[in-house]
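Residues per chain, in single letters:
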Amino acid sequence: MDSRQLEYFVAVAEELSFTRAAQRLFTVQSTVSAAVRALETDLKTTLFDRSTRRVVLSTAGQALLPEAKAALEALDRARAVVEEASAGLRGNIRIGTLARLRMVNMAELLGAFHRKYPLVEVQVTTSPTGSTGLADDIRHGRLDVALLGLPKPELAGLEVRDLATVRFVALLPSGHGLARQSAVRLEELAGERFVDMPAGFGNRKMVDRAFDTIGMPRRIQIEVPELTTIPDYVRVGLGVAVVPDLELAEEPGVAKVPIKGTELTWTLSVATAAGRRPSRAVTALLDLIGDSTRPYF
């Protein structure tokens, strides 16, 4: 048994697919299959029940999985301690973030991190399914840390540190009947057509839940992948929006109106996997992220 076999086993166990595990590990499927077979031979047991349609963990595989993860984490910590003692902090960090996130300047943040820890390799990615996808990538070991915003009930399996919180506001065409009010209620907007982000994004989930709670589900007319483009659609009268007030620039033809009658807020959090001690490199990055953000209220 060696660490590479355990790494391949964990990847297949989490992906429940030899093909996806190979893609995750940047190798070919035959290499992953051979490593798992060698591990099964060494342990004299079957770790996966395979069929033409699916791969599932056997009873022995279920027993091995937490121990394999713990062994790999222990090896990583041992390497990190030795490398840091001999040459400074080393490692590899896979970071997930949201597109155009103004609350944290990722370029400046990671530039400062690189200057302080030049031997740490950093990979940055976004998810087409927003915070939901980032959270899933953390849980399955595809990311080490992510900046995301999800409702509290959807943070299971994650260790979360809140960074900043903002209120939601309504965006209305300037000629809309509610545009000159000092504040609006969700009930006043329920019959409108909406512009919003896709369903996997945290801010969309929170607003959907808020309208469901008052018993008035809304109709999404237009979905766009970035928060900053929503005002463009509102301005031309294609819908209204309820979005976090993330330093949205003042847009001509768009009124930004506070929402009353509900404590609707969006929180940016930094997340790692629960029950798994972060590496020294990840811990150093978390400390830097915490120093770089500020509460909004």
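Residues numbered from 1 in each chain as written. Predicted model: local features only at pLDDT ≥ 70, side-chain atom pairs only at ≥ 80, totals over all residues. Heavy atoms only, no water.

## Details of the overall build of the protein
On a plain count of helices and strands, the protein comes out with 10 helices and 11 strands. The principal-axis extent of the C-alpha atoms belonging to the protein is close to 75 × 50 × 30 Å. The long-range fraction of contacts in the protein, counting pairs at least 24 apart against all pairs at least 6 apart in sequence, stands at 72%. In the structure as shown, the protein presents an accessible area of about 15,100 Å², 50% of it carried by carbon and sulfur atoms. One finds the centroid of the 37 positive side-chain charges in the protein at a distance of 1 Å from the centroid of its 36 negative side-chain charges. (Helix = DSSP H or I, 4+ residues; strand = E, 2+ residues; numbered from the N terminus. Contact = heavy atoms within 4.5 Å. Areas by Shrake-Rupley, 256 points an atom, 1.4 Å probe, with all protein chains shown as cover. Lys, Arg positive; Asp, Glu negative; His and termini not counted. Charge placed at Lys NZ, Arg CZ, Asp CG, Glu CD.)

## What about the confidence of the model for the protein?
Looking at the protein as a whole, the pLDDT averages 88, with 94% of positions reaching at least 70. Mean pLDDT across the elements of the protein bottoms out in helix α4 (residues 59-87) (81) and peaks in strand β7 (residues 193-196) (96). (pLDDT = per-residue confidence, 0-100.)

## Things to note about the pattern of salt bridges
Overall, the coordinates contain 20 salt bridges when judged by the stated rule. Notably, a salt bridge pairs R209 with E154, separated by 2.7 Å at the nearest N-O pair. Separated by 55 residues along the polypeptide, R209 in helix α8 (residues 202-213) and E154 in the loop between β5 (145-148) and β6 (158-173) bring together distant segments of the chain. By relative accessible area, which is 19% here, E154 ends up buried. Here D208 ties to R204 by a salt bridge, and the two come within 2.8 Å at their closest N and O atoms. Taken as a pair, D208 and R204 lie in helix α8 at a separation of 4 residues, close to a single helical turn. One network of salt bridges, in which partners are shared, links E14, E15, R20, R24, K69, D136, D137 and R142. (Salt bridge = Lys/Arg side-chain N within 4 Å of Asp/Glu carboxyl O. Buried < 20%, exposed > 50% of the residue type's maximum accessible area, 1.4 Å probe, protein only.)

## Some remarks on helix α6 (residues 130-139)
Note: α-helices contain 3.6 residues per turn, so residues at a spacing of three or four share the same orientation. Burial analysis of α6 places 7 of its 10 residues in the buried class, the great majority of the element. Those residues of α6 lying buried are G130, S131, G133, L134, A135, D137 and I138. Close packing links the buried residues of α6 with β3 (91-96), β5, β6, α8 and β11 (265-273). Backbone geometry just after α6 places G141 at a positive phi near 80°.

## A look at helix α5 (residues 106-116)
Listed as buried for α5 are M106, L109, L110 and F113. Across the axial projection of α5, the buried residues extend over an arc of 90°, all falling on one side. Set apart from the buried face of α5 by more than 90 degrees, the exposed residues are A107, E108 and R115. Near the N-terminus of α5, the side chain that reaches the backbone nitrogen of A107, with its oxygen 3.3 Å away, is that of N105. (Arc of directions from axis to C-beta. Polar contact = N/O pair within 3.5 Å; in protein donor to acceptor, adjacent residues only side chain to side chain.)

## Observations regarding the nonpolar core
Core analysis: the biggest nonpolar cluster contains 71 residues, and I93, L147, L189, I230, V242 and W266 have the highest contact counts within it. If you look at the next biggest cluster of nonpolar residues, it comprises 23 residues, including Y8, V36, L57 and L65. (Core = buried A, V, L, I, M, F, W, Y, C linked by side-chain atoms within 4.5 Å.)

## Focus: unusual backbone geometry
Residues other than glycine seldom take positive phi values, yet F26 does so here, at roughly 55°. Within the secondary structure layout, F26 lies in the loop between α2 (18-24) and α3 (29-43). Residue F26 is classed as exposed on the basis of its relative accessible area, which comes to 75%. A positive phi angle, close to 55°, is found at K44, a residue other than glycine. Assessed through its relative accessible area of 73%, K44 is described here as exposed.

## Topic: the environment of V224
As for its placement among the helices and strands, V224 is situated in the loop between β8 (219-223) and α9 (230-235). Judged by relative accessible area, which is 4%, V224 ranks as buried. Sequence-wise, V224 and F26 are 198 residues apart; in three dimensions their C-alpha atoms are separated by 31 Å. Among all residues touching V224, those that are not within four sequence positions of it are D196, M197, P198, T229, I230 and Y233.

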